[in-house]
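Structural overview
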Amino acid sequence: MPMEKTFNAAEAEARLYKMWEEAGAFKAGANASRDETFCIMLPPPNVTGHLHVGHAFNHTLMDILTRWKRMQGFDTLWQPGLDHAGIATQLMVEKDLAATGQPKRVEMGREAFLKKVWDWKGDKGGVIEQQARRLGDSMDWSRSAFTMSGADSAPATEPAGNFHDAVIRVFVDMYNKGLIYRGKRLVNWDPHFETAISDLEVENIEVDGHMWHFKYPLAGGETYEYIEKGEDGNVTLREMRDYISIATTRPETMLGDGAVAVHKDDPRYAPIVGKLCEIPVGPKEHRRLIPIITDPYPDPTFGSGAVKITGAHDFNDYEVAKRGNIPMYALMDTRGAMRADGRPYAEEAAIAQAIANGDQNFDEAMIAAMNLVPDAYRGLDRFEARARVVADVTAEGLAVMVPAPEPGPEAAANAEVPDQVRDAPTMIPLVEAKKIMQPFGDRSRVVIEPMLTDQWFVDTAKIVGPALEAVKQGRTKIIPESGEKVYYHWLENIEPWCISRQLWWGHQIPVWFAADGSQYCATTEAEAQAMAGPDTALTRDPDVLDTWFSSGLWPFGTLGWPADDPAMKYFPGDVLITGQDILFFWVARMMMMSQAVMAQDPFHTIYLHQLVRDAKGEKMSKTKGNVIDPLDMIDQYGADALRFSNAQMAAIGGVLKISEDRIKGYRNFGTKLWNAFSFADHYTIPYPGDPTRPEATLTLNKWIIGETGKLRETVDAALHAYRFNDAADALYAFTWGKVCDWYLEFSKPILQGEDAAAKLETEQTLRWVLDQCLILLHPIMPFITEELWGLADTRAKMLCHADWPSYGSALVDTDADREMNWVIGLIDNTRSARAQVHVPAGAQVPLLVTGLDGKGQSAWDNNAALIQRLSRIDSLTHVDSFPKGCVTIPMDGGTFGLPLAGLIDVAAEIARLEKTSQKLAKELGGLRGRLNNPAFVASAPDDVVEEARANLALRENEDTQIKAAIARLQELG
């Protein structure tokens with residue numbers, strides 16, 4: 001039955017994937033013929049997720065490795081699954097409740113809300129798993145894991161799983177070992193969701209902000225001489241002051257100041273270090289005094305050099321407060337409003353003053369209970385409180401004042417303004433308009449508040465050692481190596497890991513509290529009750545665990561641990577492929593948790609990739625309109641084209657630039673492959689079941705078999721080194737160039753000839769080579785290759801389970817390789833020479849040669865008809881020297897020449913080339929100007945600079961060739 005003219009990807013992809021799934025082609029251990037395992041863990045996408053270009057990229061790389069290893073006979077598992085994504089999923093469900101007019105979460109209660117979440121997950125969650133199938137992902141879907149499987153709230157309809165058990169067991173074990181504790185620390189707080197969030201869930205955005213400058217009066221009206229000096233050491237300002245000046249972008253937090261800090265080496269403030277100053281806000285009769293301290297944190301060259309220390313509301317201040325034993329007063333509630341609880345301000349301020357004076361000791365619980373928000377500000381939104389504080393401080397005359405900008409000429413010309421008023425400067429509060437980096441919740445889109453709260457923490461300092469050693473000792477390799485520096489920096493400066501979240505969707509913390517605050521950590525409430533005794537009433541901690549804690553157990557929690565599951569043979573896994581942005585949020589935590597729980601590294605290789613960008617290297621955004629939807633690309637060009645584009649751009653450490661044009665180009669590559677099979681079909685070459693490699697006698701067939709051997713080695717070496725782009729480039733060059741452009745063309749005379757033996761050998765060779773193309777291309781382009789493979793009725797098995805070849809460069813016949821590559825080089829160079837000077841495409845032209853040795857002559861004699869037909873050469877003449885204006889074509893063993901006299905309009909061609917040269921000169925000038933500009937080289941991203949250098953080298957080579965061509969033509973007069 002004749003082949004279809006084109007590959008119908010839209011129809012074939014769904015049919016082929018269904019065939020694979022129904023055959024169990026991707027199940028763990030499928031096609032295994034050796035004992036060695038190969039395991040890749042899919043970084044679990046959120047249950048709310050949809051396939052985007054980043055997923056499509058790293059899924060492609062994982063699938064390439066998995067299919068490659070499966071075809072090699074490894075016992076292979078690509079483990080799929082989903083993350084319950086606490087905050088993202090809770091947001092989606094709450095939006096759904098609001099949209100459908102249902103009660104709010106707090107109105108329906110925890111149990112009812114969790115049922116809604118599970119209903120939503122069953123109805124709408126996991127869309128991304130279906131989308132991943134469209135990409136061709138060969139995961140064992142029967143093992144798809146979920147980080148909330150086995151939870152008490154899970155409905156009976158949920159697939160069985162014990163991931164929840166693993167999470168709870170690890171928490172309890174680490175708690176009992178002293179690796180998990182509860183404490184009060186500063187965390188990122190989302191006032192919308194009313195929960196702590198991780199750094200990864202914080203998006204820092206540059207916004208318009210202000211810096212207010214205020215005076216903190218010295219206690220008792222004390223004064224000091226304030227002196228400023230210039231860089232030359234000369235005094236630029238000398239005055240008596242009764243205050244210290246500070247600047248802040250968050251005036252509302254002044255209410256919780258515990259101190260003012262200056263650098264110990266700042267001579268301006270040496271006279272007042274250790275003295276008290278007054279916070280310039282709040283009822284005057286209860287105005288608090290705080291100490292002026294020294295600390296390395298303040299920068300004497302920035303602002304006034306003095307900073308307010310509000311340890312409960314700023315991460316830098318928090319560290320200063322810890323070092324200086326400064327009380328940290330929390331001002332806001334969980335909604336980001338000023339606290340309204342506690343005793344009247346007068347009482348609280350008196351206690352705080354006694355602490356500042358050193359007359360009263362304090363502890364954490366005491367400070368946490370205190371509310372130092374003046375009564376007039378209590379209950380206000382934080383931003384409303386900011387405006388009130390600024391207005392009140394300014395009204396009291398405690399804003400730093402500066403002269404107003406000079407009035408415009410129209411005001412100066414106003415004769416009604418008295419001279420003495422006109423000449424006196426108008427003083428205004430010093431408020432600097434400036435850009436500030438504002439933290440926002442990536443999902444709530446509200447400003448994040450640093451907040452001092454009780455949370456659960458992993459004492460990471462106690463478990464970080466083995467994770468560091470794994471990379472330093474080479475047990476685990478990070479690709480590219482630049483990722484190691486980031487890894488070391490984070491782990492060597494690690495902070496306690498906040499693992500609690502004030503949500504309902506997630507693994508509820510397995511700790512129960514008695515009325516006296518005693519803690520009982522156990523896997524079940526019954527165990528906790530037994531520990532506390534039957535008469536002790538217990539209340540479970542309402543918080544849930546951070547999703548990064550549960551996903552940190554992914555490498556073994558997905559394999560049935562803590563049960564004695566046969567799937568545990570796949571732990572440790574092999575390679576992790578993920579974005580560099582979560583190196584320390586997830587990857588490093590998996591390293592730590594695997595060592596803490598299993599005493600093993602979870603994988604031997606970590607492959608990190610950058611963000612996928614558009615063709616110009618810009619970040620994709622809906623605002624810019626440059627977003628590429630991978631599903632749209634699959635709809636238009638097929639999954640194979642998208643996958644090949646992903647593989648080709650996967651240079652280690654390189655910038656990932658994707659474009660629709662490139663994807664379209666690889667669709668054309670698939671068409672080229674399809675047409676090669678149509679060519680074979682046209683000559684009715686039979687489809688053998690599993691053809692053996694033919695014993696070739698013809699030079700042409702020996703050559704292509706040798707080229708196939710070299711390709712297999714190249715592809716394997718590239719994939720082994722995770723150089724996916726090198727594998728893709730080699731496959732493209734071989735399939736399109738060596739096979740489709742050269743071998744098919746060279747084989748036509750034989751296939752159309754009368755030599756039956758030569759024809760049969762060439763038919764067998766062509767079919768074998770095309771089959772090798774399918775096998776070697778399959779990991780990158782699984783759909784079209786499986787379809788072409790299935791054209792034969794007698795295949796022993798599907799292509800996805802075909803045996804990966806082991807042949808190599810031993811297949812190369814040296815003489816055949818030299819001869820055929822010499823022939824291809826001569827044809828290529830002749831075509832290039834013709835094109836360079838616009839010799840008419842259909843013109844038959846003479847070719848000259850000088851100094852041709854025996855091997856060159858033999859190669860010509862054996863292939864003269866091919867060379868002349870494909871180069872449009874009508875004759876070859878041996879000469880002692882070339883005439884003027886001859887384009888030389890140097891070859892191994894001789895030099896060929898293309899005489900131009902009489903072939904082209906010399907004057908017109910010179911004019912064309914000179915015009916091209918002039919245009920090129922402008923491009924070269926611009927490129928050289930950029931690269932010779934130190935500012936460009938220093939500030940531009942490395943990939944942009946390298947691209948400019950590569951472009952310059954390309955253009956310079958082009959310029960050299962054009963000038964040489966002009967010189968040759970000018971010889972003709």
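Rules and cut-offs
Residues numbered from 1 in each chain as written. Predicted model: local features only at pLDDT ≥ 70, side-chain atom pairs only at ≥ 80, totals over all residues. Heavy atoms only, no water. Helix = DSSP H or I, 4+ residues; strand = E, 2+ residues; numbered from the N terminus. Buried < 20%, exposed > 50% of the residue type's maximum accessible area, 1.4 Å probe, protein only. Contact = heavy atoms within 4.5 Å. Areas by Shrake-Rupley, 256 points an atom, 1.4 Å probe, with all protein chains shown as cover. Lys, Arg positive; Asp, Glu negative; His and termini not counted. Charge placed at Lys NZ, Arg CZ, Asp CG, Glu CD. Salt bridge = Lys/Arg side-chain N within 4 Å of Asp/Glu carboxyl O. Pairing = 2+ DSSP bridges. Axes fitted to C-alpha atoms, helices over the stretch in contact; angles between N-to-C directions. Expected span 1.5 Å × (residues − 1). Parallel < 35°, antiparallel > 145°, perpendicular 65-115°, else oblique. Left-handed = near helix turned anticlockwise from the far one by under 90°. Nonpolar A, V, L, I, M, F, W, Y, C, P; charged D, E, K, R; others polar. Phe/Tyr/Trp six-rings, centres within 6.5 Å; stacked < 30°, edge-to-face > 60°. Lys NZ or Arg CZ within 6 Å of the ring centre and 35° of its normal. Core = buried A, V, L, I, M, F, W, Y, C linked by side-chain atoms within 4.5 Å. Patch = residues over 30% accessible without salt bridge, like charges linked within 9 Å, V, L, I, M, F, W, Y side chains within 5 Å. pLDDT = per-residue confidence, 0-100. Polar contact = N/O pair within 3.5 Å; in protein donor to acceptor, adjacent residues only side chain to side chain. Disulfide = S-S within 2.5 Å.

Regarding its fold elements, the chain presents 31 helices and 33 strands. Expressed along its principal axes, the backbone C-alpha trace of the chain runs to roughly 115 × 85 × 55 Å. Counting every position in the chain, which comprises 973 residues, the buried fraction comes to 53%. Taking contacts inside the chain between residues at least 6 apart in sequence as the whole, the part at least 24 apart equals 79%. For the chain, the exposed area adds up to about 43100 Å²; of that, 51% sits on carbon and sulfur atoms. Treating the 98 positive side-chain charges of the chain as one cloud and the 136 negative ones as another, the clouds have centres 2 Å apart.

Our next topic: the pattern of salt bridges. Tallied over the full model, the rule gives 58 salt bridges. The shortest N-O distance in the salt bridge between Glu158 and Lys121 comes to 2.8 Å. Residue Glu158 is located in the loop between strand E4 (145-146) and helix H7 (163-176), and its partner Lys121 is located in helix H5 (residues 110-124); the two are separated by 37 residues in the primary sequence. The shortest N-O distance in the salt bridge between Arg287 and Glu396 comes to 3.0 Å. Note that Arg287 is positioned in the loop between strand E12 (276-278) and strand E13 (289-294) and Glu396 in the loop between helix H11 (382-395) and strand E15 (401-403), a separation of 109 residues in sequence. A residue is classified by how much of its surface remains accessible, and Arg287, at 9% relative accessible area, is buried. Within this structure, Arg250, Glu252, Arg382, Arg386 and Glu449 form a network of salt bridges that share partners.

Read from one edge of the open sheet, three strands run E10-E7-E17, paired in antiparallel fashion. Each of the sheet's edge strands pairs with one partner strand only, and the pair in question is strand E10 (243-248) and strand E17 (431-441). Ignoring strand direction, the axes of neighbouring strands in this sheet form an average angle of 30°. Relative to E17, strand E7 (residues 202-217) runs antiparallel, the two being bridged by eleven bridges. Bridge pairing in E17 links Val202 to Gly441.

Since the α-helix packs 3.6 residues into each turn, any two residues three or four apart lie on the same face. Extensive coverage of helix H21 (residues 639-648) is indicated by the burial of ten of its ten residues. By the burial criterion, the buried members of H21 are Ala639, Asp640, Ala641, Leu642, Arg643, Phe644, Ser645, Asn646, Ala647 and Gln648.

Compared with an ideal rise of 1.5 Å per residue, which puts twelve residues at 16 Å, helix H9 (residues 345-356) spans 16 Å between its outermost C-alpha atoms and is within 8% of the ideal. If you check which residues of H9 are buried, you get Tyr345, Glu348, Ala349, Ile351, Ala352, Gln353, Ala354 and Ile355. Buried positions along H9 lie against E13 and helix H10 (364-369). Downstream of H9 by a residue or two, Gly358 has a phi angle that is positive, lying close to 80°.

Before going further, it helps to examine the packing of helix H14 (residues 464-472) against helix H15 (residues 482-492). Across the interface, H14 lies against H15 with an axial gap of 10 Å and an inter-helix angle of 160°. The angle between the axes of H14 and H15 places the two elements in the roughly antiparallel class. Between H14 and H15 lies a crossing of left-handed hand. Contacts between H14 and H15 pair Val464, Ala467, Leu468, Val471 and Lys472 from the former with Glu484, Tyr487, Tyr488, Leu491 and Glu492 from the latter. A per-class count over the contact of H14 with H15 returns seven nonpolar, no polar and three charged.

With respect to topology, four strands assemble into an open sheet ordered E6-E5-E18-E20, the strand pairing being antiparallel. The open sheet is flanked by strand E6 (195-197) and strand E20 (497-498), the only strands paired with a single partner. Sheet topology places strand E5 (residues 180-190) next to strand E18 (residues 449-458); ten bridges connect them, and they run antiparallel. Within the sheet, the bridge partner assigned to Lys184 lies in E18 and is Asp454.

On to the packing of aromatic side chains, then. In the structure shown here, the tally under the stated rule is 35 aromatic pairs. Between Phe171 and Trp456, the aromatic rings sit 5.8 Å apart at their centres with planes inclined by 70°, giving edge-to-face as the arrangement. Highlighted residues: Phe171 in helix H7 and Trp456 in strand E18, separated in sequence by 285 residues. Residues Tyr732 and Trp736 carry aromatic rings whose centres are separated by 5.6 Å and whose planes lie at 25° to one another, so their mutual orientation is stacked. In this pair, Tyr732 and Trp736 are both assigned in helix H24 (residues 724-751), four residues apart and thus about one turn of the helix distant. Relative accessible area serves as the criterion here: at 29%, Tyr732 is assigned to the partly exposed category. Put simply, the rings of Phe171, Tyr175, Trp456, Trp497 and Phe549 touch in pairs and so form one group of aromatic residues. In this structure, Arg185 packs its charged tip against the face of Phe457, placed 5.7 Å from the ring centre. Positioned above the aromatic ring of Tyr226 is the side chain of Arg241, whose terminal nitrogen or guanidinium carbon lies 3.6 Å from the ring centre.

Further remarks concern the side chain of Arg712. By the secondary structure assignment, Arg712 is in helix H23 (residues 699-720). Residue classification places Arg712 among the buried positions, given a relative accessible area of 12%. With sequence-adjacent residues up to four places away left out, Arg712 is seen in contact with Leu776, Trp804, Pro805, Ser806, Tyr807 and Gly808.

Following Ile479, the chain continues to Pro480 via a peptide bond in cis, the omega torsion being -5°. With respect to the helices, strands and loops of the structure, Pro480 is situated in the loop between strand E19 (477-479) and H15. In this model, Phe571 is joined to Pro572 through a cis peptide bond whose omega is -5°. Looking at where Pro572 falls in the secondary structure, it is placed in the loop between helix H18 (554-557) and strand E26 (575-579).

Take the nonpolar core next. Core analysis: the largest hydrophobic core is formed by 164 residues, its most contacted members being Phe724, Phe746, Trp822 and Phe896. Of all the elements, H24 adds the most residues to this core, at 14 residues. Excluding anything up to four places from it in sequence, Trp822 contacts Leu852, Gly856, Ala859, Trp860, Ile867, Met891, Asp892 and Phe896. The next biggest cluster of nonpolar side chains, apart from the first, holds 62 residues, and it includes Val167, Trp548, Met590 and Met598.

For the rest of this paragraph, the subject is a negative patch on the surface. Taken together, the side chains of Asp629, Asp632, Glu660 and Asp661 present a region of like negative charge at the surface. With respect to the element layout, Glu660 can be found in helix H22 (residues 660-682).

In this fold, Ile128 is placed in helix H6 (residues 127-135). For the pair Ile128 and Thr814, spaced 686 residues apart in sequence, the C-alpha separation works out to 51 Å. Setting aside anything within four residues of it in sequence, one finds Ile128 in contact with Pro45, Asn46, Gly49, His50, Leu51, His55 and Leu82.

If pLDDT is low for a region, its predicted coordinates should not be looked at in detail. For the chain, the average pLDDT comes to 92, and 97% of its residues sit at 70 or higher. Confidence drops under pLDDT 50 across residues 410-418; counting only partners more than four residues distant or on other chains, this segment forms four contacts.

On to the pairing of strand E8 (residues 224-229). When E8 meets strand E9 (residues 235-241), the two strands line up antiparallel, connected through six bridges. The residue of E9 that forms the bridge with Glu228 is Leu237. Between E8 and E9, which pair antiparallel and follow one another directly, the connecting turn spans five residues, one of which, Gly233, has a positive phi of 90°.

Right, let's talk about the pairing of strand E27 (residues 605-609) for a bit. Two faces, one strand: in a regular strand the side chains alternate between the faces of the sheet. Burial runs high along E27: five of the five residues are buried. Of the two faces of E27, the one carrying Thr605, Tyr607 and His609 and the one carrying Ile606 and Leu608 are both buried. Relative to E27, E19 runs parallel, the two being bridged by three bridges. Directly across from Ile478, in E27, lies its bridge partner Ile606.

Residue placement: Asn188 occurs in strand E5. Here Asp199 takes part through its side chain, which lies 2.7 Å from a polar atom of the side chain of Asn188. For Asn188, the contacting residues outside a window of four places in its chain are Thr195, Ala196, Ile197, Ser198, Asp199, Val202, Phe315, Ile448 and Glu449.

Right, let's talk about the state of the cysteines for a bit. Throughout this description, disulfide means a covalent bond between two cysteine sulfur atoms. Per the stated rule, a full pass over the model turns up zero disulfides. Unpaired in terms of disulfides, Cys39 finds its nearest cysteine sulfur in Cys800, a separation of 19 Å.

This part covers the packing of H23 against H24. With their axes 9 Å apart at the nearest point, H23 and H24 run at an angle of 170° to one another. With respect to their mutual orientation, H23 and H24 come out roughly antiparallel. For the contact of H23 with H24, a count of residues per class yields 17 nonpolar, four polar and three charged.

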